[in-house]
Amino acid sequence: MRGEVRAAAEDRPGVYRMLSTDGEVLYIGKSKRIRTRLMSYFRCAYPEEKGARILREAYAIDWEYTPSEFAALLRELQLIKQLRPRFNVAMKRDDRHYVFIKLTRGAAPKLLVVRGAGGEPATYYGPFLGARRVNEALHELSDALSLRDCAQDQHIVFADQHELFQLTPRTPGCIRLEVKKCLGPCVAACTAAQYQAQVDLARAFLEGTNDGPIAQLRTEMDACAELLNFERAAVLRDKLHRLETLREMFSRMRFAVETLSFTYAVPGHAGDDRVYVIRRGTVRAETPAPRTARDRARLVSMVRDVFDPPERSSGAVPTHEIDELLLLSSWFRRNPRELERTKAPAVLLGARAVAPGVRSA
Ligand code: SF4
């Protein structure tokens, strides 16, 4: 493998794959200098080093070049998602630090905090840092909106489900119904529409279009203060603070997502320059950098196709786009000068305003 790399690999951006004897893709990596990166595998000093561990199982290496480091990042992500190589999965690091808010589906949706955004169909909001803080705030939101927080498989029966043969009285699955923290969809204490209305409010709060839960807590807090019930007012103040923190986190997230909407011109190896059309943190289209008036017209049409369809402004990011959103925000955070290569779509489309938005999951 070393001889092959030395003889054939060039020092330019690209992605590489390590393969086992039976052709399994063990690991996918990227580098802005493929040759240097691959040669470094053969210099691992300690057997426990990542490179040494991969190399012990590898039988072959192959690689492909990309126009730029940015293109290599995108290609690496695409290949990892497609092939899920064993070593990449084991070494996946960033996700552990992030959490997502998940709004489940089903008869009586509920909110919960999860580490990864994937698996079963749901709406995911995030990513956010600080699992404990998000958990506390979500707890307050569920309480304020009387949403359930019990097990996903809790039996649900709404008041408008006419269970003619259900003769035995039901008891709630937990105390939250008694203390008015849950509408009680486990004991037919609410209709499906009543519960759904609260779910819609939660969604609106998370998407920044309704501050109802905050207003409600503030009213309660003011009322307690007026009645000189300062102890209760202080409890409500803390709850309010947690919800405001959550709202703040969402507005920062929305800002980040909406900021990542532009065209991005990336110089490439040997003149292979590209333009990426990025909307809400994901690459929606890519084209060679225009060199003629005709190319430019094609780019404008591409930008129009990407930015014309309205998208809802929200903190909900489709599951399949989250990895790319994380990758792009990390890229521009690490390379802030790259933002100088970006252009607002309105610049290319003339002065026409382009409203940012997001597809719901
Ligand atoms: S009252 Fe019923 S539905 Fe509500 S949280 Fe408790 S068990 Fe779940």
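Residues numbered from 1 in each chain as written. Predicted model: local features only at pLDDT ≥ 70, side-chain atom pairs only at ≥ 80, totals over all residues.

(A) Focus on the overall build of the chain. Assigned secondary structure in the chain consists of twelve helices and ten strands. Here the chain holds 361 residues, and the buried ones make up 32% of them. At a minimum sequence separation of 6, the contacts of the chain that also span at least 24 residues come to 66%. (Helix = DSSP H or I, 4+ residues; strand = E, 2+ residues; numbered from the N terminus. Buried ≥ 20, exposed ≤ 12 C-beta atoms within 10 Å, placed from the backbone. Contact = placed C-beta atoms within 7 Å.)

(B) How the structure looks around the sheet that holds strand β6 (residues 123-129). The strand order across the open sheet formed by three strands is β5-β4-β6, and the pairing between neighbours is antiparallel. Every interior strand has two partners, whereas the edge strands, β5 (111-114) and β6, have only one. Averaged over all adjacent pairs, the angle separating strand axes in this sheet is 25 degrees, with direction ignored. The pairing of strand β4 (residues 98-103) with β6 spans five bridges and is classified as antiparallel. Bridged to I101 within β6 is Y125. (Pairing = 2+ DSSP bridges. Axes fitted to C-alpha atoms, helices over the stretch in contact; angles between N-to-C directions.)

(C) The site of the ligand, seen in detail. Near the ligand lie 13 residues; those nearest to it are C150, G173, C174, C182 and C186. A class-by-class count of the residues in the shell around the ligand yields seven nonpolar, three polar and three charged. (Near = placed C-beta within 6 Å. Nonpolar A, V, L, I, M, F, W, Y, C, P; charged D, E, K, R; others polar.)

(D) Geometry of the sheet that holds strand β1 (residues 14-19). Spatial ordering of the open sheet is given by β2-β1-β3, a layout of three strands whose pairing is antiparallel. Here the strands that pair on one side only, and so sit at the sheet edges, are β2 (25-31) and β3 (60-65). Mean inter-strand twist for the sheet, computed between neighbouring axes without regard to direction, equals 20 degrees. In the sheet, β1 pairs with β3 via six bridges, with the strands oriented antiparallel. The residue bridging Y16 from the neighbouring strand is W63, located in β3.

(E) Spotlight on the environment of L328. As for its position among the elements, L328 is in helix α11 (residues 319-334). In this structure the C-alpha to C-alpha distance between L328 and V283, which are 45 residues apart in sequence, comes to 8.8 Å. Not counting the four nearest positions on each side in its chain, L328 is found in contact with L260, I278 and G281.

(F) Main features of the nonpolar core. I101, L141, A202, L243 and I278 are the most contacted members of the largest nonpolar core, which has 49 residues in total. When residues of this core are assigned to their parent elements, the largest contribution, eight residues, is made by helix α9 (residues 230-259). Viewed by domain, this core spans two of them, domain 2 (95-212) and domain 3 (260-348), each represented by three or more residues. When neighbours within four sequence positions are excluded, L141 is seen to be in contact with L111, A202, F205, P213, L243 and L246. Among the nonpolar cores identified, the runner-up in size contains 21 residues, and A9, Y41, A58 and L74 belong to it. (Core = buried A, V, L, I, M, F, W, Y, C linked by C-beta atoms within 7 Å. Domains from an automatic or database assignment.)

(G) Main features of the packing of helix α6 (residues 131-145) against α9. Direction vectors running N to C along α6 and α9 enclose 115 degrees, while the axes themselves pass 8 Å from each other. Taken as axis vectors, α6 and α9 run roughly perpendicular relative to one another. You can see that α6 and α9 cross each other, and the crossing is left-handed. From α6, R133, E136, A137, E140, L141 and A144 reach across to α9, where they touch K239, R242, L243, T245 and L246. Of the residues in the contact of α6 with α9, the class split is five nonpolar, one polar and five charged. (Parallel < 35°, antiparallel > 145°, perpendicular 65-115°, else oblique. Left-handed = near helix turned anticlockwise from the far one by under 90°.)

(H) Broad picture of unusual backbone geometry. Positive phi, normally seen in glycine, also occurs at S146, with a value near 60 degrees. Classification of S146 by C-beta neighbours within 10 Å gives buried; the count is 20.

(I) Focus on the pairing of strand β9 (residues 282-288). Inspection of the sheet shows strand β8 (residues 274-279) paired to β9 by six bridges, in the antiparallel sense. Note that in β9 the partner of R274 across the bridge is P288.

(J) Broad picture of α6. Spanning 15 residues, α6 covers 21 Å between terminal C-alpha atoms, matching the ideal 21 Å at 1.5 Å per step. Restricting attention to buried positions, one finds in α6 the residues V134, A137, L138, E140, L141, S142, A144 and L145. Backbone geometry just after α6 places S146 at a positive phi near 60 degrees. (Expected span 1.5 Å × (residues − 1).)

(K) Quick peek at the packing of helix α8 (residues 212-226) against α9. Packing of α8 against α9 brings their axes to within 8 Å, and their N-to-C directions diverge by 160 degrees. Considering the angle they form, α8 stands roughly antiparallel to α9. In the packing of α8 onto α9, the handedness of the crossing is left-handed. Between α8 and α9, the residues in contact are P213, I214, L217, R218, E220, M221, C224 and A225 and F230, R232, A233, L236, R237, K239, L240, L243, E244 and R247, respectively.

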